[in-house]
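Listed below are the residues making up each chain.
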Amino acid sequence: MRLMLILITTICLLNYSEANNLLVVFPIPGKSHSILGHAFVRHLLNAGHKVTYITPIPMKDVNPALRQINVESNKNCFAPEEVLDIQKLMRKEVDMKDMPTLFTMMFNIANATIQHENVQNLIQDPTEKFDAVIAEWMYSELYSGFSAVFNCPLMFFLSVSPHNMALSLIDGIPNPAYTADHIKSNTIPPFTLWSRVQELVTLLDWKIYTWWVNDRNVNSYDKAFKSAVVRRGRILPTLDEMKYNASLMFGNSHISTSDGIPLPRNFIEIGGYHIDGNIEPLSKDLKKILDEAKHGFIFFSMGSMLQSSKMPEAIKSGLAKIFGQLKQKVIWKFEGLLPDKPNNIFMLDWAPQQSILAHPNCVLFITHGGLLSTTEALHHRVPIIGIPMFADQFININRAAAKGIGKRVDLNYDTPKNLKLAIEEILGNSSYGDRINELNYIYHDRTTSPGAEITRWVQHVIKTKGAPHLRSPALLVPWYQKLYLDLIFLIIIIIVIFSIVIKRLIGYKKLNINVSKKRS
Ligand SMILES: *[C@@H]1O[C@H](CO)[C@@H](O)[C@H](O)[C@H]1NC(C)=O
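Residues numbered from 1 in each chain as written. Predicted model: local features only at pLDDT ≥ 70, side-chain atom pairs only at ≥ 80, totals over all residues. Heavy atoms only, no water.

- For the protein, an unreviewed UniProt entry supplies the name UDP-glucuronosyltransferase and the organism Papilio xuthus.
- In UniProt, the protein has this text filed under Subcellular location (unreviewed entry): "Membrane".
- Under the heading Catalytic activity (unreviewed entry), UniProt records this for the protein: "glucuronate acceptor + UDP-alpha-D-glucuronate = acceptor beta-D-glucuronoside + UDP + H(+)". (UniProt positions renumbered as here; feature names shortened; annotations may be inferred.)

### Let's talk about the nonpolar core
Right, so step 1: In terms of nonpolar packing, the biggest core is built from 94 residues, with Phe146, Phe323, Trp332, Ile366 and Ile423 touching the most fellow members.
Right, so step 2: By residue number, the principal contributor to this core is helix H5 (residues 99-115), which donates nine residues.
Right, so step 3: In this structure, this core is formed jointly by two domains, domain 1 (2-171 + 213-273 + 449-476) and domain 2 (284-444), each of which donates at least three residues.
Right, so step 4: Setting aside chain neighbours within four positions, we find Ile366 in contact with Ile298, Phe299, Phe300, Ser301, Phe323, Ile385, Ile387, Leu419 and Ile423. (Core = buried A, V, L, I, M, F, W, Y, C linked by side-chain atoms within 4.5 Å. Buried < 20%, exposed > 50% of the residue type's maximum accessible area, 1.4 Å probe, protein only. Helix = DSSP H or I, 4+ residues; strand = E, 2+ residues; numbered from the N terminus. Domains from an automatic or database assignment. Contact = heavy atoms within 4.5 Å.)

### Focus on the sheet that holds strand S7 (residues 267-269)
Right, so step 1: The strand order across the open sheet built from seven strands is S3-S2-S1-S4-S5-S6-S7, with neighbouring strands paired in parallel fashion. One side of each edge strand has no neighbouring strand; the edge strands of this open sheet are strand S3 (66-70) and S7. On average, adjacent strands in this sheet sit at an angle of 20 degrees to one another, irrespective of strand direction.
Right, so step 2: As paired elements, strand S1 (residues 21-25) and strand S4 (residues 132-137) share four bridges and run parallel to each other. The residue of S4 that forms the bridge with Leu23 is Val133.
Right, so step 3: Along the sheet, helix H19 (residues 450-463) makes contact with S1, S4, strand S5 (154-158), strand S6 (248-251) and S7, crossing S6 at roughly 175 degrees. (Pairing = 2+ DSSP bridges. Axes fitted to C-alpha atoms, helices over the stretch in contact; angles between N-to-C directions.)

Spelled out as structure tokens, the structure:
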């Protein structure tokens, strides 16, 4: 009887929120991107949708409403362990700030994904139908082709804070005079004249570079999608048409973790959606260590992609030394063993990060500053010290420092010394705790949970057939009109014509005078 009741309510609930058939594409073969993809999919499944999920790192979940399309071979395009080696990053052998390197890497992943046999099998099958496509935007718009194939609305997902490249797809390029580039900026607004010049140069550099590589994108797009669309009796719209045709963009950000730049109405902030309300319980041993930290403990992790064991020996031993002098315990995510480690340091091969940050004795988080980590720190009210290594980590830490919830320490041979000063500053000064409480309030003060925001907007886009009412009119205005260059051009023409006419008139007048003088 009880089972029957549960069954009936479940069926009613399923009918209540319409079940849609969704294609979700998160193709980046990195742990943090898969955390974001998996969490996104789980929210959709929990809301009763059917999900087809293109991923290089399949979920272990078993759910009849979930079908996974494995693109594991994307790891051949980008092996995080190799590329993101700490020493190579320190020596600047790999420069993730370099536009051609980054864009080419991401193009290779996108290209491999859409040409992948499993993906081709899906799109070439005319019986496959979807109500919407949600694709991660990671320096490539190639996935917009899925929405052309299935003739359904497209939604982008952005894993970092909103920035000019992403916003240009749904609105326009924000003014670089007060919008920091998410990778290259070393400061946050307000900018000095020099920083403004740098922002402008970055912007132009990006525009020229993307124009330069446009052909390779168009070729890949045509190759992957043309036949699938033709098979369905339509013609493939151009990549340019499709990439500016997203209904909205989800952003893994929140005002508490970014700058307050104006955002278009179809940019939906869902920062923190990956944080599960039910924190996984700690293992018995770890729980005991943390519970017994009477002066609190510091959690140190360089994230899932970087291994702190790969740091140069001198830095590792220097860090162990300064940690050993602290009265706090230090929980260090470290792959391996460190000889002669002080007693207050505890090494973990793998750390249940959220459960550790959620522990009331956690007083400080030393992190690489990835947006997942900084968001989790904010969620659990833990001040941070950032040791940024690549991508948006620099700007995340600069923002955290500007907001007063953390400090930045760069990785080099002075790191142990500088880290010690930063730890003393944060633990000795109550302002960091006060600020993290304020910012934590801002972070949590929302009308809807970020997970509910996802399902609401997916539903909204499908119900309103692509939500054209949300589209920014800026997409229809060419850049020279935005800058009023046409008006300036017109004014110049008028002035030129006017001055020619005046000159002529004066010329005639002189001529007339001369002629009349002669006659008289
Ligand atoms: C752009 O998106 C809208 C809404 O999803 C859709 O109706 C339209 O066909 C799309 N345009 C192209 C060129 O596919």
